Amino acid sequence: MADLGVDIPGLSMSNPLMLASGIQGGSAAALHRVSASGAGGLVSKSIGPIPREMYPGPVCVEAMDSVILNAMGLPNPGADKFAEVVKGEEFAKPMLVSIFGGDAEGYVEVAEKMANAGASCLELNLSCPHAKPGSRALIIGQQPELIREVVAAVKGAVDIPVYAKLSPNTTNIVVEAEAALSAGADGLALINTVSAIEVDPFAGRPVIGNLLCGMSGPAIRPIAQRKVAEISLAMRRGEIPEVPILGIGGITTGLDVARFIMLGASAVQIGSALVWGDVDVFAQIESELAEFMAQNGYPDLESMRGIALDSLEGLS
Amino acid sequence: MTLRASPTNRPQGIDLEALADGCCDRLAASYASRGMIASPTPVPLIEVQHEAGGVVTLWVQVPPEMVSDYNPGQYFMCWNPYDATGGMSRPNYHSEKPYSVGDVKIDRTGVDEGIAADTGGEGRALLGFTVKDLGRQSGELTRMKAGDWLAIRGPFGTSFPRMSSGDRLLLVSGGIGSTPMHMAARDGRRKLGDNLKIDAIMGFRNEAECHFISRMEALCDSLTITTDDGSSGTPGFPTGPLPNLLSGVGEGDREEGGSGRTVLLTCGPEPMMKAVLQMAVDAGVECYAAMERYLPCSVAMCGLCMVGDKLTCVDGPVMEGGWLLQQDDFGLSH
């Protein structure tokens, strides 16, 4: 039986399958529900300084096979309410608390409340607009100087490990990874959703209530794998510090997990797959991964990690 | 019915009937591959039927198999992509909300002769969403007109248990909770004929809000109406006459060849459903509620429709009564 255990900063997990942020995990009840499944770890919904309501619907649709579109609008109970969840609840699985803010001060405010409540690690959702005038057209994750500012501020305020979640909607993701790592990030999570829009030709308007949306699902998996590969290669070459990578994007099977691990990821996050199988997908993907590793002679995840990068070494 | 060309910037002189048929064909292809419509898809609104004060049934045209496959209790997400003028000047005005089907009609030449027999040979397969004006989104839907377009996706969620010959169905509704109860009665009668005993209680605030009465009278062995203010039927809540139905359970209901199972279904405000389910459980009667919660995504993504450790969108809306009664967050007003 292959060993699926993962031990990275703040996260000691029985398997590498984590819930992705934004899926179900905004309340104690929802997190307990996922915790009782086969998931190895949890990621909360992104928590902001104050409570936020959902955007008008449709907020999440399956636009075509393998394509999920969503614009929920970062609905969350707010830092004070969620701090009670972090402090008062015992979850069976380790939890990465995802946070966001309008600026560095906003991130620090939420980070301190979560750390004080006992959070073991944080994920910074950098895919939100900056409150600074003139910065609204771009998200923080598209502006390396703002990534550096936010990550440095949070790292300066709390002692727990911090993972920076990167957007794929940039020119060269190694630039954003470098910004996060130079500011002290302990790990990277990628990718967030791919920016998208869908039009209903009969209605003559976008399908999603918010008009603009993010794309996820199996169709974005090769894109996510490419981004993970680019960052892993930069780490191998010594261009950026080597830290754990959480691979995210369209994972629905155990073989998909192996693909991300082979490109250098230490663990993965799973979100859209729940549309087709709810939380039961975790146990199914775990058994597929274990079977694949046993059949192919991989005793543990480390023995498989990064092996697909070997054939890419010559690329410059 | 004359279809309107909304949105307003659509070119003039197009064949709208052909457009509607095209929509229906597209829907059929999508439905055939998945057994559901995954993305909001416009369907023509054929008829708006006035039911009572603030309550209408929106009849939309869909492929016949979507009508014959529909299991009572399941819901669709419904969205009017246009604003009140048929234009799109307020794109965020309408949200998308879950609605259960209140009634169905299908062509005699359709795939299901059982349904066709009692619809008088309508020329199309129609799903009827019965909507009550309870807020901005549902209010806009009740003001829609024949010829408008409604975007739907679904069906989603769990459905009521399948009944067998010799069984007995007890239906208890409050207000617009009438819709899945009517479909349960209609489906049971269609499939089992006189071999299913159906007794129903329908509660309303007042006489003006009473709806589905004649249709339910035609389907049920007994129907009791209650109104909060006593303006029609028995004064008070549906829990008032319920002991009369429950007291008969197990005594003489069992008929030869049937399982003799008695099942209570309820839909309405949660405090009412809680009281009804408690009475059923106390009487030893198998029971289920069709739950309504704030349900933004319908696909187990947003996690905002939790009841206990379950999601209303995929583990519901039909949930087992005994389990519901054990949940701290069940039975409050929403």
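Okay, so let's go over this structure. (Residues numbered from 1 in each chain as written. Chains lettered and ligands numbered in written order. Predicted model: local features only at pLDDT ≥ 70, side-chain atom pairs only at ≥ 80, totals over all residues. Heavy atoms only, no water.)

**Side note on the interface of chain B and chain A**
Frequently, the measure chosen for interface size is the accessible area that the parts lose on association.
Stage number 1. Between chain B and chain A, the contact holds 37 residues from the first and 36 residues from the second.
Stage number 2. Here chain B is connected to chain A by three salt bridges.
Stage number 3. Between Arg33(A) and Asp315(B) there is a salt bridge, with the nearest N and O atoms lying 2.9 Å from each other.
Stage number 4. The interface formed by chain B and chain A holds eight residue pairs in polar contact (both at pLDDT 80 or more) in total.
Stage number 5. When contributions to the side of chain B that touches chain A are tallied by element, the ones reaching two or more residues are helix H1 (16–34), strand S1 (37–52), strand S14 (310–311) and helix H9 (312–315) of chain B.
Stage number 6. Residues of the side of chain B that touches chain A, tallied by class, amount to 22 nonpolar, seven polar and eight charged. (Contact = heavy atoms within 4.5 Å. Salt bridge = Lys/Arg side-chain N within 4 Å of Asp/Glu carboxyl O. Polar contact = N/O pair within 3.5 Å; in protein donor to acceptor, adjacent residues only side chain to side chain. Helix = DSSP H or I, 4+ residues; strand = E, 2+ residues; numbered from the N terminus. Nonpolar A, V, L, I, M, F, W, Y, C, P; charged D, E, K, R; others polar.)

**Observations regarding the sheet that holds strand S3 (residues 17–19) of chain A**
Residues and elements named next belong to chain A.
Stage number 1. Taking strand neighbours across the sheet as the criterion, the eight strands line up as S3-S16-S15-S10-S9-S8-S7-S4 in an open arrangement whose pairing is parallel. Of all the strands in the sheet, the pair left with one neighbour each is S3 and strand S4 (42–43).
Stage number 2. Direction of pairing for strand S10 (residues 187–190) relative to strand S15 (residues 245–248): parallel, over a ladder of three bridges. Bridge assignment links Leu-188 to a residue of S15, and that residue is Ile-245.
Stage number 3. Here helix H7 (residues 254–262) sits on the sheet in contact with S3, S15 and strand S16 (267–270), set at roughly 135° to S16. (Pairing = 2+ DSSP bridges. Axes fitted to C-alpha atoms, helices over the stretch in contact; angles between N-to-C directions.)

**Structural notes on the sheet that holds strand S3 (residues 75–79) of chain B**
Residues and elements named next belong to chain B.
Stage number 1. Taken together, the six strands give a closed barrel; going around it, the order is S1-S2-S5-S4-S3-S6, and neighbouring strands pair in antiparallel fashion. Going from strand to strand, the sheet's axes swing by 50° on average, the running direction of each strand aside.
Stage number 2. The pairing of strand S4 (residues 97–105) with strand S5 (residues 126–132) spans four bridges and is antiparallel. Bridging from a neighbouring strand, Lys-105 pairs with Leu-126 of S5.
Stage number 3. Against the sheet, helix H5 (residues 178–192) touches S4 and S5, its axis set at about 35° to S4.

All we've got here are geometric facts, nothing functional implied.
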